[in-house]
Amino acid sequence: MFNASLSRYIWEHTRRQQLWILAIVALSMIPYYMAFSLPKTIVNGPIQGDGFETADATQTFLRIALPLPGADVLVLFQGITLDRVHMLFALSGVFLLLVIVNGLFKFYINAYKGKLGERLLRRIRYALVDHVLRFPPATFKFLKSPEIASMIKDEVEPMGGFTGDAFVSPALLGGQALTALAFIFAQNLMLGGITAALIGAQILIIPRMRRRLLVLGRERQLTARQLSGRVGEIVESIGTIHANDTTNFERADISARLGRIFTIRYDIYQWKFLVKFINNFLASLAPFIFYSLGGYLALTGHLDIGQLVAVIGAYSNLPGPMKELIDWDQNRQDVEIKYQQVIGQFAVDNMIASDLHTARRTAEPLDTPLAAIGVRVMDDGGVVSLDHTDFTLEPGEALAAIGPAGSGSETFAELFARQVWPSSGRIVAGQSNILALPEAVTGRSISYAGGDAVLLSGSLLDNLTYGLRNSPPDPDGRAPSPSRRWQLQEARRSGNPDYDRDADWIDYDALDLTGPESLTRHLLEVLDCVDMTRDMQDLALNSTVSERDYPDLAGRIVAIRGQLRTELEQGGLAELIVPFAIEAYNTEATILENLLFGRLRPNSALLDPSERTAFFRRLLQQAGLYDRLCDAGVEIARNVIGLFADLPPDHPFFRQMTFMSPDDIPTYQALLLKFDKSGGVPTEQDRTMMVGLAFEYIEPRHRFGLLDTDLMAEIVAFRRFFHNAIPDHLRPVIEIYDAGRFTDSATLMDNILFGRVSQKYRDGADQVRSAILDLLQRQGVFAEVLTIGLGFDVGTGGRRLSAGQRQKVALARALVRPSDYYIFNRPLTALDNRSQDLVLTRVLSRLRNADRAPAVLWTLSNPQMARHFDRIAVFEAGKLVEVGTPTALEESNGIFSDMIAS
Amino acid sequence: MLLNDEVKMLRQVPIFAGMAAAKLRLLAYTSDRVAYRSGEVLFHQGDDGDAAYVILQGQADVMVTTPQGELRVAQVAENAMVGEIAILCDVARTATVRAVTPVEALRISKENFVKLLMDFPEMTLEIVRVLAARLSDTTATLSAELAAARHSANHSIH
């Protein structure tokens, strides 16, 4: 895939383009040199009057004649006869034209070289990621992901830049240098010889001196890569670092690494400038010789002065190209080394053959048994995790693998799922080794879920359907859009695949589904099977959706509001919700919410926080509320500090503390002194802080007795004043509550409530929740609400879900796929035993009742659950020790019956 | 009802009587205010005990399930504390408490309650006193019952 050297790699993939650009460069030389000589013609001719000695003298312009063998010329164009002034304008016009032509050439060449470089860069990066996708599993034990990422992202970057210059630069610069040198030779053989010798010395010495720079450069690359690896490791293991109090050890390690990088870079600078000095010295040695030796020769009459001047003139054209040539060579070696470094890292033995990964829309099922034949799994250190095992997993059977952690039961499951490769022996499907079968077959016929439950960032829907995106859809026959066509063309030119990522990759026929709607039903069914329905409800009710995306749902939610209230009233539960009403203070909401009677849309870029504060403060001041709220804030601070100030900082009561954190207490104590007129005068900012405290106050919760009917009435009156005063540019930022309208920035739950749950009743929130779910169910919006739950963004690695939820989703992701074999490797360890048992029985019954019951291999953490299976395989110390039906094993008084008994 | 009123109510509860006002305020603030409609249950016999309750308003029955059915063993009203035994001895609830009128109560979580006991040993002493009183009550009742039972047993023999 990769050639041994970068130059060859570039040549192989861009040969034609390189030759083309070389031809263009050569062509561009013609106008380039013409533009050089034109100024002289203009100055000498029309301006100074050469050839225009008389007032009415004329010259021919644009006469084109080819010299023929012999003295004859072939005149192609007679030219136009022009007088002096016309000639001046004509020649100046040509000059302008040449400038434009040169500029266009330059533009074309640079753009072309850039395109060439970017294509090659894309090709290399793609090929590297392709390699990662084909690494055997064992490779990943030693890989640090940030190092790989930094190689693919940063280290190959200069190769793209080099591509355009790989062949054009040496040709061009070498040509220029040789021309100048030839001219010197033509003037004087000896001076030519001396110049050639000096250039030779430069060519010999400088690259040799730079070799050390290259070594240092490679070291710099390695250390920088290791640094990114270490930084990645710190981020990933931050919990462990804090738990062990090793932050300072990490600091020391980073400092040591940075020190090493500094030393290398410092060394590089020193060398770089030393080399530069010597190079400059060698380059200026030639003029020294021309002046001294050439001058001496001229004085003694051995050299014509005109010749000497010509040589010196010619030499001045030499150092430029020489320097650039040497720089080019330096750059070449640099990227060459980087290239070899990188491909060395990616050259791994036992890579998965690329034809096993060929995208295929359909794949034949695996209807043969899966058999382990003499498999043994041993790591590099010689630790055997599973010793010589023979076993056949029959189609359609449910097998439990049990054994304590490290007994080999997990490795057993991983082998069948190709998560680990056997070090000896093989896993076969019929006659073929599963590692030699196309991944389209094994990867679809065998579904796997492990306890690590790796989720990808994206929505729940993305994660659940991840296992269905196996191959790009067949082209639908429609002509692609011009921009898409260009994308495809470029992908092919860089050796990238032309799959359309944004197409719908899901093969609904293979799932026996009619389309996206039935897929949603299928997903919700599977989620229910893994006991995720309640979680889905919560996720959905806590999601925010915009009315624009779900106009129908939004309308129905608004309609449900009134119904919910009526039903709660009928059940005598009306007190559970305090609804929002424009003319009534909502005691269960904060003072701020009561003031706004609306919500700020999240991520409002339009809104500058300081502008918001200033605007709101002004309004409160105008309404005469500012001082009252400030007083309330002072009262809150006094109360909170009175309650908590004497407690030791780690006291559990602090958990009940709102308004401020324990660390803020001294700040507020100091503020209180100012407000009590004993420690200075409160500033505007101090007052704002106090008003900020008041904003959070909820009377039934905090019970400081700060709200009287008077203040509540004033706050309610403020609402209309505020709503009218919102300037136009802030209007889109604030959503005002309206019983007849959906609030985009509030959660679905809040939208249905249109009020606050009273905190008075201990189980109030639960009662309201079940009333809402019941209502949604009866209104037929339940499924749509759950669909919104599918849009929940699970966060990086699924971290916004709990560990148990992650495992359930990972299990569901496997169950969503139609497979012949399901391998579950302790998939539910984060759940309690009761839930594990519930999910396990549901999953088993779902799979057993399928049209064509698949085989299940389930590694259990609790042997009691093995009773649900057809057969049990018992592992101990890396060996398969017992196999049989649950009843047979229980009666045999073997290891399994011991496990059950204990 | 505001924090200050709650503090006044707590003061009426024997075991909190001796506590400084500031601490009572803290206790009130860190506890949840809960309300029950008549007929609702504060906690069931057999549940894990996770909190004690101080009745601020209303009345509640203390019921014990016996083989003969539910038996009312006491009625509690304002300023009474219920449910403290279960959180002190880590046993399941020994009785069910059900509101007979609308009840407002202060729910003191087990964690906060235990922390309070550790911070204020005099409270512990007060609790011991209350418990001892209850024990002697119960013993007295039991011996009376026993005597009565013997008496009736004797009667039936003769």
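Residues numbered from 1 in each chain as written. Chains lettered and ligands numbered in written order. Predicted model: local features only at pLDDT ≥ 70, side-chain atom pairs only at ≥ 80, totals over all residues. Heavy atoms only, no water.

- Chain B appears in an unreviewed UniProt entry as Cyclic nucleotide-binding domain-containing protein from Loktanella atrilutea.

- In the annotation of an unreviewed UniProt entry, the entry for chain A reads Putative ABC transport system ATP-binding protein, and the organism field reads Loktanella atrilutea.
- Among the UniProt annotations of chain A, the heading Subcellular location (unreviewed entry) holds the following wording: "Cell membrane". (UniProt positions renumbered as here; feature names shortened; annotations may be inferred.)

So, the overall build of chain A
No. 1: Check the secondary structure of chain A and you find 31 helices and 18 strands.
No. 2: Taken over C-alpha atoms, the radius of gyration comes to 40 Å for chain A, far larger than the 29 Å a tight globule of 902 residues would show.
No. 3: Summarising its shape, the C-alpha atoms of chain A cover approximately 120 × 85 × 60 Å along the three principal directions.
No. 4: Sequence-distant contacts, at least 24 apart, represent 75% of the contacts inside chain A between residues at least 6 apart. (Helix = DSSP H or I, 4+ residues; strand = E, 2+ residues; numbered from the N terminus. Rg over C-alpha atoms; globule rule 2.2 N^0.38 Å. Contact = heavy atoms within 4.5 Å.)

Things to note about the overall build of chain B
No. 1: Assigned secondary structure in chain B consists of 5 helices and 8 strands.
No. 2: The order of α-helices and β-strands along chain B, N terminus first, is α-α-β-β-β-β-β-β-α-β-β-α-α.
No. 3: Counting only C-alpha atoms, chain B reaches 65 × 35 × 25 Å along its principal axes.
No. 4: The buried share of chain B, reckoned over its 158 residues, is 40%.
No. 5: Across chain B, the fraction of contacts at a sequence separation of at least 24, relative to all contacts at a separation of at least 6, is 72%.
No. 6: When the accessible surface of chain B is split by element, carbon and sulfur atoms take 58% of a total near 8,200 Å².
No. 7: One way to put it: in chain B the 15 positive side-chain charges average out to a point 3 Å from where the 19 negative ones average out. (Buried < 20%, exposed > 50% of the residue type's maximum accessible area, 1.4 Å probe, protein only. Areas by Shrake-Rupley, 256 points an atom, 1.4 Å probe, with all protein chains shown as cover. Lys, Arg positive; Asp, Glu negative; His and termini not counted. Charge placed at Lys NZ, Arg CZ, Asp CG, Glu CD.)

Points about the sheet that holds strand S5 (residues 370-378) of chain A
Residues and elements named next belong to chain A.
No. 1: Pairing within the open sheet is antiparallel, and its 4 strands lie in the order S6-S5-S8-S9. Lying at the two open borders of the sheet, with one neighbouring strand each, are strand S6 (384-393) and strand S9 (432-433).
No. 2: Sheet topology places strand S8 (residues 424-429) next to S9; 2 bridges connect them, and they run antiparallel. Each bridged residue has a counterpart across the sheet, and for Val-428 the counterpart in S9 is Asn-433.
No. 3: Against the sheet, helix H11 (residues 409-416) engages S5, S6 and S8, with an angle of about 60 degrees to S6. (Pairing = 2+ DSSP bridges. Axes fitted to C-alpha atoms, helices over the stretch in contact; angles between N-to-C directions.)

Focus: the packing of aromatic side chains
No. 1: Tallying each qualifying case throughout the model produces 32 aromatic pairs over all chains.
No. 2: Arranged with centres 5.4 Å apart and planes meeting at 85 degrees, the rings of Phe-597 of chain A and Tyr-737 of chain A form a pair that is edge-to-face. Of the two residues, Phe-597 of chain A is situated in the loop between helix H18 (591-596) and strand S12 (598-600) and Tyr-737 of chain A in the loop between strand S13 (734-736) and helix H25 (748-753); the sequence distance between them amounts to 140 residues.
No. 3: Residue Phe-597 of chain A is classed as buried on the basis of its relative accessible area of 4%.
No. 4: Across from the ring centre of Phe-43 of chain B, 3.9 Å away, lies the NZ or CZ of Arg-93 of chain B, which sits over that ring. (Phe/Tyr/Trp six-rings, centres within 6.5 Å; stacked < 30°, edge-to-face > 60°. Lys NZ or Arg CZ within 6 Å of the ring centre and 35° of its normal.)

Comments concerning the packing of helix H6 (residues 189-236) of chain A against helix H10 (residues 319-346) of chain A
All names here are of chain A.
No. 1: Taken N-terminus to C-terminus, the directions of H6 and H10 make an angle of 35 degrees; their axes are 9 Å apart at the nearest point. In the crossing of H6 with H10, the sense of the turn from one axis to the other is right-handed. Contact residues: Ile-199, Gln-202, Ile-203, Ile-206, Pro-207, Arg-210, Leu-213, Leu-214, Arg-218, Gln-221, Leu-222 and Arg-225 in H6; Met-322, Ile-326, Asp-327, Asp-329, Gln-330, Gln-333, Asp-334, Ile-337, Lys-338, Gln-341, Val-342 and Gln-345 in H10.
No. 2: Within the contact of H6 with H10, the residues separate by chemical class into 11 nonpolar, 6 polar and 7 charged. (Left-handed = near helix turned anticlockwise from the far one by under 90°. Nonpolar A, V, L, I, M, F, W, Y, C, P; charged D, E, K, R; others polar.)

A word on helix H28 (residues 803-815) of chain A
Residue and element names in this part refer to chain A.
No. 1: The terminal C-alpha atoms of H28, which comprises 13 residues, lie 18 Å apart, in line with the 18 Å expected from a rise of 1.5 Å per residue.
No. 2: In terms of burial, H28 is largely enclosed, as 12 of its 13 residues are buried.
No. 3: Those residues of H28 that fall on the buried side of the exposure criterion are Gly-804, Gln-805, Arg-806, Gln-807, Lys-808, Val-809, Ala-810, Leu-811, Ala-812, Arg-813, Ala-814 and Leu-815. (Expected span 1.5 Å × (residues − 1).)

Some thoughts on the sheet that holds strand S18 (residues 879-884) of chain A
All names here are of chain A.
No. 1: Here 6 strands make up an open sheet; going across it, the order is S10-S15-S16-S7-S17-S18 and the pairing mixed. Across the chains shown, the open sheet's two edge strands, defined by having one partner strand only, are strand S10 (446-450) and S18. Neighbouring strand axes in the sheet, compared pairwise and without regard to direction, differ in orientation by 15 degrees on average.
No. 2: Of the strand pairs in this sheet, strand S7 (residues 398-402) and strand S16 (residues 855-859) are connected by 4 bridges, and their pairing is parallel. Of the residues in S16, the one forming a bridge with Ala-401 is Thr-859.

Side note on the environment of Lys-879 of chain A
All names here are of chain A.
No. 1: By secondary structure assignment, the location of Lys-879 is in strand S18.
No. 2: Along the sequence, Lys-879 and Phe-412 sit 467 residues apart, while their C-alpha atoms lie 9.8 Å from each other.
No. 3: Once residues within four sequence positions are removed from consideration, Lys-879 is found in contact with Asp-387, Ser-407 and Val-874.

Concerning the nonpolar core
No. 1: In terms of nonpolar packing, the biggest core is built from 84 residues, with Leu-776, Phe-824 and Val-843 of chain A touching the most fellow members.
No. 2: Broken down by element, the residue count for this core peaks at 7 residues, all from helix H17 (residues 551-570) of chain A.
No. 3: In contact with Phe-824 of chain A, not counting residues within four places along its chain, are Ala-449, Leu-811, Ala-814, Leu-815, Val-843, Leu-847, Val-856, Leu-857, Trp-858 and Thr-859 of chain A.
No. 4: If you look at the next biggest cluster of nonpolar residues, it comprises 76 residues, including Val-634, Ile-636 and Phe-654 of chain A together with Leu-117 of chain B. (Core = buried A, V, L, I, M, F, W, Y, C linked by side-chain atoms within 4.5 Å.)

What to know about a nonpolar patch on the surface
Residue and element names in this part refer to chain A.
No. 1: On the surface, Leu-62, Ile-64, Leu-66, Leu-68, Leu-74, Leu-76, Phe-77 and Ile-80 cluster together to form a nonpolar patch covering roughly 700 Å² of accessible area.
No. 2: Sorting the residues of the nonpolar patch by element identifies strand S2 (64-67) and strand S3 (73-77) as the ones contributing at least two each.
No. 3: No other element matches the 3 residues that S3 contributes to the nonpolar patch.
No. 4: Among the structural elements, Leu-66 can be located in strand S2. (Patch = residues over 30% accessible without salt bridge, like charges linked within 9 Å, V, L, I, M, F, W, Y side chains within 5 Å. Salt bridge = Lys/Arg side-chain N within 4 Å of Asp/Glu carboxyl O.)

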